[in-house]
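Structure assessment
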Amino acid sequence: MDSSPTLVHGGDRVAAALAAHGVRFVFTLCGGHISPILVAAKARGIRIIDTRDEATAVFAADAVARLTGTTGVAAVTAGPGLTNTITALKNAQLAQSPVLLLGGAAPTALQGRGALQDIEQKPLVEPHVKWLKRVRRVADLGSAVEEALVVAREGVPGPTFVECPVDLLYDEKLVRGWYADAAGKGTAMADRALRWYLGRHAARMFAGSHAPYTPLERKAAVAEPSEAGVAKAADAFAKAERPLLVIGSQSVVEAPEAARIANAVERLGVPVYLSGMARGLLGRDANLQMRHARRQALRESDCVLLAGVPCDFRLDYGRHVRRSATLVAANRSRRDARLNRKPSVAAIGDVGRFIRALADRVGTGARRAEWLAALAAREAAREAEIDAQGSVIGRHVNPVGFFRALDRAAGDDAIFVADGGDFVATASYILRPRGPLAWLDPGAFGTLGVGAGFALGAAAVRPGSEVWLVWGDGACGYGLSELDTFVRHGMPVIAVVGNDAGWTQIAREQVKMLGDDVGTVLSRTAYHEVARGFGAEGLEIRRDDEVASVLARAREVAATGRPVLVNVWLDKTEFREGSISM
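What this report covers is the structure whose coordinates are included nearby.

1. Digging into the packing of helix α17 (residues 399–409) against helix α18 (residues 422–430)
If you want to describe how two helices pack, look at the angle between their axes and the distance between the axes. Remark: α17 packs on α18, axes separated minimally by 10 Å, with the N-to-C direction vectors making an angle of 50 degrees. In this view, α17 runs oblique relative to α18, as classed from their interaxial angle. The way α17 lies across α18 gives a crossing that is right-handed. Together, V400, F402, F403, R404 and D407 of α17 and F423, T426, A427 and I430 of α18 make up the contact between the two elements. Here the residues of the contact of α17 with α18 are counted per class, giving six nonpolar, one polar and two charged.

Spelled out as structure tokens, the structure:
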């Protein structure tokens, strides 16, 4: 991409910085406060993908970040445009995704005076980002964007925010004209003072903006794991009788290195549970990967490596790992490495590099055939139980059997996006990502509504790959309008809605504990007809014997470049009984 065109206005500086850092996409919902950024970015070959909700734009940027290891970028207008992104920003922060949010703002001279969409934006955004910059000079726009792109990826990755007031983005002559009109032509002392003040204010804003600006790509610094930490962990694994790995999203922060990390895990030969973006790291059918009874395996293991996984609610705050076990915590975050449980070995630094260094030192010295065989036998027994549950025929579609069929039907290049409660939790036990970086879920925040944005980002990054959006019928309500976005931008996403007419994950425990389903009941809505209204294809499945043929039809439609939604009428199931988390 060419980052050298003449800099006509501040929006050009922002776009030049983005282009210099290899940004390929900007996700947005348009607004007058940010128009110069969008136009300038498009002129530099950056694809502008506009959505129907600002949260979707940030979720899409988050997906780009997770799948590529680069900083994903979203741009939104001031005020309500920004406030609409808060949940998506917090989700990115807790998932440790490097995202840059560019936010418009009211004119600098009018902030705090009741201007259109003018609010104090910093206090709203600051708790949810790792770095924030409110720019006040045109000349500083480019360097602020450059800094934000790099900081987002350094250390513990996370979102950054750059506030770009509208009067810094447009052409200087135009902006000075705005201020001249605002000052009026009166001759009174107050009128002359206002003209002097606004002229001085404009001079400060544009100071230095005529000097040449050449953005330079900066590399994000990566913290190497310490030799001492690697050595201690290697010694513990060499002595262990029942070693176990639990690998999370931090392992693939350096996304291009995923294959090397997978190779390191295979060389270690230690049983492994994969979570978050690490799902699929070893491929679809790796013998080392375990999917079931993680709690039991953790309690039996005498040496556990938590690779980018904190001891939060998902590990019962550290209680899943027995006290007598050697606990190795590899993490970019010192806080997360020690959260709720002090590890025997804390290895602070990049997790993927730690795994590779550990494999180089240990080699095959931690392999324990009997331990692996015991876990594999347990896996096989659970898989047989799932097959039995999936074979039960009811009035509508058995969700367990449905996911077995979807797993068989999806292509070798499939990317699965998970957005929902009960339906998606069932999918997580059954769908098998085909390879590294082929599974997207919200992460620790458990946010509903990520699906449309994640699918949009995945389809942008991996054109030609099958993108399957697994939607609960509750969750799909957040993003159905983005089918319009899929259609307009030629994103052939296959959305599958598990329609059981309810917020089933909540209802399952609420009814049992409180005896009332209030607030948890939905309708068997014709979501496929909604899809058709947006110009996508809409298909429906009501019985088990329709599943294979309709999924095949969905793939055929998507292969033509058209998005499709499959509305699947589900039977109730006890597969997720007792699944509530706190």
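2. Section: the sheet that holds strand β11 (residues 345–348)
With parallel pairing, the five strands of this open sheet are ordered in space as β8-β7-β9-β10-β11. Each edge of the open sheet carries a strand with a single partner, namely β8 (272–274) and β11. Strand-to-strand twist of the sheet, defined as the mean angle between neighbouring strand axes without regard to direction, takes the value 10 degrees. Judged from the four bridges that link them, strand β10 (residues 326–331) and β11 form a sheet pairing that is parallel. Looking across to β11, one finds that A329 is bridged to A346. Docked against the sheet, helix α11 (residues 227–239) engages β7 (243–247), β9 (303–307), β10 and β11, running at close to 140 degrees with respect to β9.

3. Describing empty space enclosed by the protein
Inspection of every chain in the model, using the stated rule, returns two cavities of 30 Å³ or more. In this structure, the largest cavity spans a volume of roughly 70 Å³. As for the largest cavity, its lining consists of P399, D422, F423, T426, D500, T504, L570, D571, K572 and T573. The element best represented in the lining of the largest cavity is α18, accounting for three residues. In terms of lining, the second largest cavity is formed by A105, A106, Q111, Q117, D118, I119, E120, Q121, R134 and E163. Looking at the lining of the second largest cavity residue by residue, the classes come out as three nonpolar, three polar and four charged.

4. Remarks on the environment of S481
Turning to its location among the elements, S481 is positioned in the loop between β14 (467–472) and α20 (482–488). Owing to a relative accessible area of 27%, S481 belongs among the partly exposed residues under this scheme. In contact with S481, other than residues within four places in its own chain, are R52 and F534.

5. Brief notes about the side chain of D419
Looking at the secondary structure, you find D419 in strand β12 (residues 415–419). Among buried Asp, Glu, Lys and Arg side chains, D419 stands out as unpaired, with R66 the closest opposite charge at 11 Å. A distance of 3.0 Å separates a polar side-chain atom of D419 from the backbone nitrogen of G449. Engagement of the side chain of D419 in a polar contact is seen with the backbone nitrogen of G451, the distance being 2.8 Å. Excluding its chain neighbours within four sequence positions, the residues that come into contact with D419 are V424, T447, L448, G449, V450, G451, L469, V470, W471, G472 and A475.

6. Some remarks on the pairing of β9
Two faces, one strand: in a regular strand the side chains alternate between the faces of the sheet. By the criterion of burial, β9 is predominantly enclosed, with five of the five residues buried. Taking every second residue as pointing to the same face, both faces of β9 are buried, with C303, L305 and A307 on one and V304 and L306 on the other. Relative to β9, β7 runs parallel, the two being bridged by five bridges. Across the sheet, V246 pairs through a bridge with L306, a residue of β9. The pairing of β9 with β10 spans five bridges and is parallel. Looking at β10, one finds that L305 is bridged to V328.

7. Here we look at the pattern of salt bridges
Tallying each qualifying case throughout the model produces 39 salt bridges. D407 serves as the salt-bridge partner of R434, at 2.9 Å between the closest nitrogen and oxygen. Linking R434 in the loop between α18 and β13 (439–440) with D407 in helix α17, this pair joins segments that are 27 residues apart in sequence. Residue classification places R434 among the buried residues on the basis of a relative accessible area of 12%.

8. Description of helix α15 (residues 351–362)
With twelve residues, α15 should reach 16 Å at 1.5 Å per residue; the first-to-last C-alpha distance of 16 Å fits that figure. Those residues of α15 lying buried are V351, G352, F354, I355, R356, L358, A359 and V362. The N-capping residue of α15, defined by a side-chain oxygen 3.3 Å from the backbone nitrogen of G352, is D350. At the C-terminal side of α15, G363 shows a positive phi close to 65 degrees.

9. Let's talk about the layout of surface pockets
A water-sized probe rolled over the atoms picks out the places where empty space is left. In this structure, the second largest pocket occupies an estimated 230 Å³ of space. Taken together, 14 residues line the second largest pocket, and the ones lying closest to its centre are T504, A507, R508, V511 and K572. Its residues assigned to classes, the lining of the second largest pocket comprises four nonpolar, four polar and six charged.

10. Remarks on a nonpolar patch on the surface
A cluster of nonpolar side chains, namely L194, W196 and Y197, defines an oily patch on the protein surface of about 330 Å² accessible area. Relative to the elements of secondary structure, L194 occurs in helix α10 (residues 189–206).

Criteria and thresholds
- Residues numbered from 1 in each chain as written.
- Predicted model: local features only at pLDDT ≥ 70, side-chain atom pairs only at ≥ 80, totals over all residues.
- Heavy atoms only, no water.
- Axes fitted to C-alpha atoms, helices over the stretch in contact; angles between N-to-C directions.
- Helix = DSSP H or I, 4+ residues; strand = E, 2+ residues; numbered from the N terminus.
- Parallel < 35°, antiparallel > 145°, perpendicular 65-115°, else oblique.
- Left-handed = near helix turned anticlockwise from the far one by under 90°.
- Contact = heavy atoms within 4.5 Å.
- Nonpolar A, V, L, I, M, F, W, Y, C, P; charged D, E, K, R; others polar.
- Pairing = 2+ DSSP bridges.
- 1 Å grid on protein atoms, 1.4 Å probe; cavity = no way out; pocket = protein on both sides within 12 Å on 5 of 7 lines; lining within 4 Å.
- Points joined across faces, edges and corners; volume = space filled by probe spheres on them.
- Buried < 20%, exposed > 50% of the residue type's maximum accessible area, 1.4 Å probe, protein only.
- Lys, Arg positive; Asp, Glu negative; His and termini not counted.
- Salt bridge = Lys/Arg side-chain N within 4 Å of Asp/Glu carboxyl O.
- Polar contact = N/O pair within 3.5 Å; in protein donor to acceptor, adjacent residues only side chain to side chain.
- Expected span 1.5 Å × (residues − 1).
- Patch = residues over 30% accessible without salt bridge, like charges linked within 9 Å, V, L, I, M, F, W, Y side chains within 5 Å.
- Areas by Shrake-Rupley, 256 points an atom, 1.4 Å probe, with all protein chains shown as cover.

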